[in-house]
Amino acid sequence: MTVCNEQINLEKLKKAEQIILELQAELKNYIAAGSGPFLAAIYDENDHLIAKTANSVVSENCSHNHAEMNAIKAAEKVLNTYDLSAHNLKLYVTAEPCIMCLGGIMWSGIKEVYYGVSSKRVEEITGFDEGFKPDWLNEFARRGIKVYGEIATEAGEKVLHEYVAAGRKVYKPER
């Protein structure tokens, strides 16, 4: 069931499903090359791709190199600005953003977020810790950030199951 913080726009949802399914299909190649199991893409209001990046926490030994943060950083470089709000950008990501990425998205100026697998399912399948995110959908709505989630979840869950079955690194700090 799709999660949304505005009245569902079927055209947006259909486009998001297409992009997220493409990202899930591409993600297998990124994982084979050493990336973590998440991929994000940023598009402008005319549906032109601005940036696409995978999670590189393990490959680059940097805990904040999540797919969303990497994509935001790449978009800021391409557009030569730290404030992306004037560009009316949309972020598509294979799974619900974690608590760190939610902050990065909010402060970057991204206008719309579309995600695949829910954090709850990511945690159940992989053991990743997605963090505490109380009422984040409404907080994003209050800030004018539209969110559509739990899109093409079956494809995303399959990729996550394959990642775990292959013995790939599930990174989290020891407590």
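Our subject is the structure listed above.
Rules and cut-offs
Throughout this description, residue numbers start from 1 for each chain and increase along the sequence as written. Since the coordinates come from a predicted model, pLDDT governs what is reported: local features require at least 70, and pairs of side-chain atoms require 80 or more to be given and counted, while whole-chain, interface and lining totals use all residues. Calculated side-chain values reflect all of the structure's heavy atoms, with hydrogen atoms and water omitted. Lines fitted to C-alpha atoms define the axes, with helix axes restricted to the stretch in contact, and inter-axis angles between N-to-C directions lie between 0 and 180 degrees. Put simply, DSSP H or I for four residues or longer makes a helix, DSSP E for two residues or longer makes a strand, and each gets a number counted from the N terminus. Relative orientations are named as follows: roughly parallel for angles under 35 degrees, roughly antiparallel for angles over 145 degrees, roughly perpendicular for angles from 65 to 115 degrees, and oblique for any other angle. It is the rotation of the near helix from the far one that decides the hand of a crossing: anticlockwise by less than a right angle makes it left-handed, clockwise makes it right-handed. Contact between two residues is taken to exist if any of their heavy atoms lie within 4.5 Å; hydrogens are not considered. Each residue is assigned to one class: nonpolar for Ala, Val, Leu, Ile, Met, Phe, Trp, Tyr, Cys and Pro, charged for Asp, Glu, Lys and Arg, and polar for all the others, Gly among them. Within this document, salt bridges are pairs made up of a side-chain nitrogen of Lys or Arg and a carboxyl oxygen of Asp or Glu, the two lying within 4 Å of each other. For each residue, the accessible area found with a 1.4 Å probe, counting protein chains only, is set against the maximum for its type, and the residue is called buried under 20%, exposed over 50%, and partly exposed in between.

Asker: Quick question: what am I supposed to make of the packing of helix H1 (residues 10–32) against helix H7 (residues 153–165) here?
Answerer: Packed helices, taken two at a time, are described by their axes: the angle between them and the distance between them. Between H1 and H7, whose axes approach to 9 Å, the crossing angle comes to 15°. Taken together, H1 and H7 sit at an angle that is classed as roughly parallel. Two packed elements cross with a definite hand, and for H1 against H7 that hand is left-handed. Counted together, Leu21, Gln24, Leu27, Lys28 and Ile31 of H1 and Ala155, Gly156, Lys158, Val159, Glu162 and Tyr163 of H7 form the full contact between these two elements. Tallied by class, the residues present in the contact of H1 with H7 amount to six nonpolar, two polar and three charged.

Asker: It is not clear to me how the pattern of salt bridges should be interpreted in this structure. Could you clarify?
Answerer: A side chain with one charge can pair with a side chain of the opposite charge if their charged atoms come near. This structure, assessed with the given rule, holds 12 salt bridges. A salt bridge links Lys90 to Asp47; the shortest N-O distance between them is 2.6 Å. Note that Lys90 is positioned in strand S4 (residues 90–95) and Asp47 in the loop between strand S2 (39–43) and strand S3 (49–54), a separation of 43 residues in sequence. Since its relative accessible area comes to 10%, Lys90 is described here as buried. Classification of Asp47 by relative accessible area gives partly exposed; the value is 33%. Here Arg121 ties to Glu124 by a salt bridge, and the two come within 2.6 Å at their closest N and O atoms. Taken as a pair, Arg121 and Glu124 lie in helix H5 (residues 119–126) at a separation of three residues, close to a single helical turn. What makes Arg121 partly exposed here is its relative accessible area of 28%.

Asker: Whenever I open this one, the packing of H5 against H7 confuses me. Can you help?
Answerer: In the contact formed by H5 and H7, the axes pass within 9 Å of each other and the chain directions differ by 25°. Looking at the two axes, H5 sits roughly parallel to H7. As for how H5 packs across H7, the hand of that crossing is right-handed. Facing H5, whose interface residues are Arg121, Val122, Ile125 and Thr126, H7 presents Glu157, Leu160, His161 and Val164. Looking at side-chain class alone, the contact of H5 with H7 contains four nonpolar, two polar and two charged residues.

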